[in-house]
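# What the coordinates show
Here is what each chain is made of, one letter per residue.
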Amino acid sequence: MSKVEDFEELRPLLFSIAYRILGSVSEAEDAVQESWLRFDGSATRPASAKAFLAATVTRISIDVLRSARVRREEYVGPWFPEPLLNDPYEDPARSVELADSVSMAALLLLERLSPLERAVFLLREVFAFGFDEVAEAVGRSEAACRQLLVRARRHMEAGRPRFAADREERRELATRFLQALKDGDVGGLQELLAADVQLVGDGGGKVPQLANAVSGAEKVARLLSSVFPWLVLVDVSFEHHEINGQPGVIARDRDGLILNVLVLDVLDGRIQTVRGVSNPDKLGHLGRVADAWAVDREMRRARRRQH
């Protein structure tokens, strides 16, 4: 195979590694492209294209993450990963690990780890690389990588998210949730929410926000039902999607432009967390982004007319 063929075959894996390290679709794509440039520019053909490219994209992603962490400390409000509709990499032998590791909850948990711990954990636990390959990728000894993995596992196990396994059950719950949202059905929403449910939004200070964080089934139900029927009234539409492996919703304005994304964590037949991503910088990879301020103004005018 040519270098191009080698690279294209491995591209889904490289993106999946980079996205899990960075939590950003755009930064992951840039890291993959830089990996290609280094692979193409290498004077000698590596014995294993997979090992070389995985190591390269990991090192690039670690460097990007170190600088990104400084920016995230200054971020306005809660920070969430960029929503991912489809993980391009599939491995039937690792399907559970891959699905668990791409959820919003897991990616936020990974944020607690140092960049090296994060890379070691993902390469070893999710993608099943050998310790020799992990050590090469992060530039540490195998013994050091084993220690990094022990620490990473400890952090991840302490807060590991648990989700309902039945995809159909989750989808059915999401359908009922969306209908109750559109109807402004406070009671119907409360039935679907866990008692200690959290609603958290990431707008980055750039768009109107429902709220940064609200807890409790009654408060969350009342807040959601006070907003979403008005969005329907101004022709905002809602589409079911699986987002980061969990049930979710994409909201679009009347022109089909993306307004925001909701992702639901489901456990024991109840919604545990509702995460909203409305920062336009995090939605552009999904399509053209709506003017959220214009939609908000129209919604407020509609409210005034009704009252």
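For the structure, check the block above.
Everything quoted here is computed from the prediction, not taken from an experiment.

Calculation notes
- What you see as residue numbers is a count from 1 along each chain, following the sequence as written.
- Local features in a predicted model are, by the rule used here, given only for residues with pLDDT of at least 70; side-chain atom pairs are given and counted only at 80 or more, and totals for whole chains, interfaces and linings are based on all residues.
- Only heavy atoms go into the side-chain values, all of them from the structure, while hydrogens and water stay out.
- Where helices and strands are cited, they refer to DSSP runs of H or I of at least four residues and of E of at least two residues respectively, numbered from the N terminus.
- Only C-alpha atoms enter the radius of gyration; for comparison, a globular chain is expected to reach 2.2 Å times N to the power 0.38, where N is the number of residues.
- Note on classification: 1.4 Å probe, protein chains only; a residue is buried when its accessible area is under 20% of the maximum for its type, exposed when over 50%, partly exposed between these limits.
- Whether two residues are in contact is decided by their heavy atoms: any pair within 4.5 Å suffices.
- Computed with the Shrake-Rupley method and a 1.4 Å probe, the accessible areas treat only the protein chains shown as cover for residues.
- Asp and Glu are treated as the negative residues and Lys and Arg as the positive ones, with His and the ends of the chain left uncounted.
- Think of each charge as sitting on NZ of Lys, CZ of Arg, CG of Asp or CD of Glu.
- Think of a patch as exposed residues, more than 30% relative accessible area, with no salt bridge, where like charges cluster within 9 Å and nonpolar side chains (Val, Leu, Ile, Met, Phe, Trp, Tyr) cluster within 5 Å.
- Throughout this description, the term salt bridge denotes a Lys or Arg side-chain nitrogen within 4 Å of a carboxyl oxygen of Asp or Glu.
- Note on terminology: a nonpolar core comprises buried Ala, Val, Leu, Ile, Met, Phe, Trp, Tyr and Cys residues joined through side-chain atoms within 4.5 Å.
- Only C-alpha atoms enter the line fits that serve as axes; for helices the fit covers just the stretch in contact. Angles between N-to-C directions range over 0 to 180 degrees.
- Oblique is the label for any angle not under 35 degrees, not over 145, and not in the 65 to 115 range, which are roughly parallel, roughly antiparallel and roughly perpendicular in turn.
- Take the far helix as the reference: if the near one is turned anticlockwise from it by less than a right angle, the crossing is left-handed, and if turned clockwise, right-handed.
- Any residue that is not Ala, Val, Leu, Ile, Met, Phe, Trp, Tyr, Cys, Pro, Asp, Glu, Lys or Arg is counted as polar, Gly included; the first ten are nonpolar and the last four charged.
- A pair of strands is labelled paired if DSSP reports no fewer than 2 bridges between them.
- Two N or O atoms count as a polar contact when they lie within 3.5 Å, although within protein this holds only if one can serve as hydrogen donor and the other as acceptor, and sequence-adjacent residues are included solely when both atoms are side-chain atoms.
- Within 6.5 Å between ring centres, the rings of Phe, Tyr and Trp (the latter by its six-membered ring) count as paired, and their orientation is classed by plane angle as stacked under 30 degrees, edge-to-face over 60, tilted in between.
- Counting as a charge over the ring demands two things of the Lys NZ or Arg CZ atom: a distance within 6 Å of the ring centre and an angle within 35 degrees of the ring normal.

### Some thoughts on the overall build of the protein chain
In terms of helices and strands, the protein chain carries 13 helices and six strands. Computed over its C-alpha atoms, the radius of gyration of the protein chain comes to 21 Å, within 12% of the 19 Å expected for a compact globule of 307 residues. For the protein chain, the spread of C-alpha atoms along the three principal axes comes to 70 × 35 × 35 Å. Within the protein chain, the fraction of its 307 residues that count as buried is 51%. Look at the contacts in the protein chain between residues 6 or more apart in sequence, and 66% of them connect residues 24 or more apart. With an accessible surface of roughly 14400 Å², the protein chain has 47% of that area assigned to carbon and sulfur atoms. Computing the positive centroid from 42 side-chain charges and the negative centroid from 47, the protein chain places the two 4 Å apart.

### A short note on a negative patch on the surface
Together, Asp-166, Glu-168, Glu-169 and Asp-268 give the surface a local cluster of negative charge. Relative to the helices and strands, Asp-268 is located in the loop between β5 (258-267) and β6 (270-277).

### Topic: the nonpolar core
In terms of nonpolar packing, the biggest core is built from 51 residues, with Ile-17, Tyr-19, Phe-121, Phe-127 and Phe-129 touching the most fellow members. Examining the composition of this core, we find that ten residues originate from one element, helix α1 (residues 3-22), more than from any other. When neighbours within four sequence positions are excluded, Phe-127 is seen to be in contact with Leu-13, Ser-16, Ile-17, Arg-20, Tyr-89, Arg-94, Leu-98 and Leu-122. Ranked by size, the runner-up nonpolar core spans 40 residues in total, among them Leu-173, Ala-217, Trp-230 and Phe-238.

### Examining the packing of helix α3 (residues 49-73) against helix α6 (residues 115-126)
In a packed pair of helices, the relevant descriptors are the angle between the two axes and the axis-to-axis distance. Following both chains from N to C, one finds α3 and α6 inclined at 135°, their axes separated by 9 Å at the closest point. Classified by the interaxial angle, the pair formed by α3 and α6 is oblique. Every pair of crossing elements has a handedness; the one defined by α3 and α6 is right-handed. In this structure, α3 contributes Thr-58, Ile-62, Leu-65, Arg-66, Arg-69 and Arg-72 to the contact, and α6 contributes Pro-115, Leu-116, Arg-118, Ala-119 and Leu-123. A per-class count over the contact of α3 with α6 returns six nonpolar, one polar and four charged.

### Some details on the environment of Val-134
With respect to the helices and strands, Val-134 occurs in helix α7 (residues 131-138). Separated by eleven residues in sequence, Val-134 and Cys-145 have C-alpha atoms that sit 7.3 Å apart.

### Some thoughts on the sheet that holds β6
Ordered in space as β2-β1-β6-β5-β4-β3, the six strands form an open sheet in which the pairing is mixed. Looking at strand neighbours, the two that pair on one side only are β2 (213-215) and β3 (237-243), the edges of this open sheet. Strand-to-strand twist of the sheet, defined as the mean angle between neighbouring strand axes without regard to direction, takes the value 15°. Strand contacts of helix α11 (residues 217-225): β1 (193-202) and β2, with the helix running at about 50° to β1, the strand carrying the most contacts.

### Considering the side chain of Asp-253
Assignment of secondary structure puts Asp-253 in the loop between β4 (246-252) and β5. The charged side chain of Asp-253 is buried without a salt bridge, its nearest counter-charge being Arg-254 at 7.3 Å. Among the polar contacts listed, one links the side chain of Asp-253 to the backbone nitrogen of Asp-255, at a separation of 2.9 Å. Those residues in contact with Asp-253 that lie beyond four places of it in its chain are Asp-235, Val-236, Ala-290 and Val-295.

### Some thoughts on the packing of aromatic side chains
Applying the stated criterion to the full structure yields six aromatic pairs. Taking the centre distance of 6.2 Å and the plane angle of 65° together, the rings of Trp-36 and Phe-39 count as edge-to-face. Residue Trp-36 and its partner Phe-39 are located together in helix α2 (residues 25-41), separated by three residues, close to a single helical turn. Residue Phe-39 is classed as buried on the basis of its relative accessible area of 0%. Consider the rings of Tyr-89 and Phe-127, whose centres lie 5.9 Å apart with planes at 45°: the pair is tilted. Here the residue Tyr-89 occupies a position in the loop between α3 and α4 (95-102), and Phe-127 occupies one in the loop between α6 and α7, the gap between them amounting to 38 residues. Taken together, the aromatic side chains of Phe-7, Trp-36, Phe-39 and Phe-52 make up a single cluster linked through ring pairs. When the ring centre of Phe-39 is taken as reference, the NZ or CZ atom of Lys-3 above it lies at 5.3 Å. Directly above the aromatic system of Phe-129 lies the positively charged group of Lys-50, at a separation of 5.3 Å from the ring centroid.

None of the figures reported here should be taken as evidence of function without further support.
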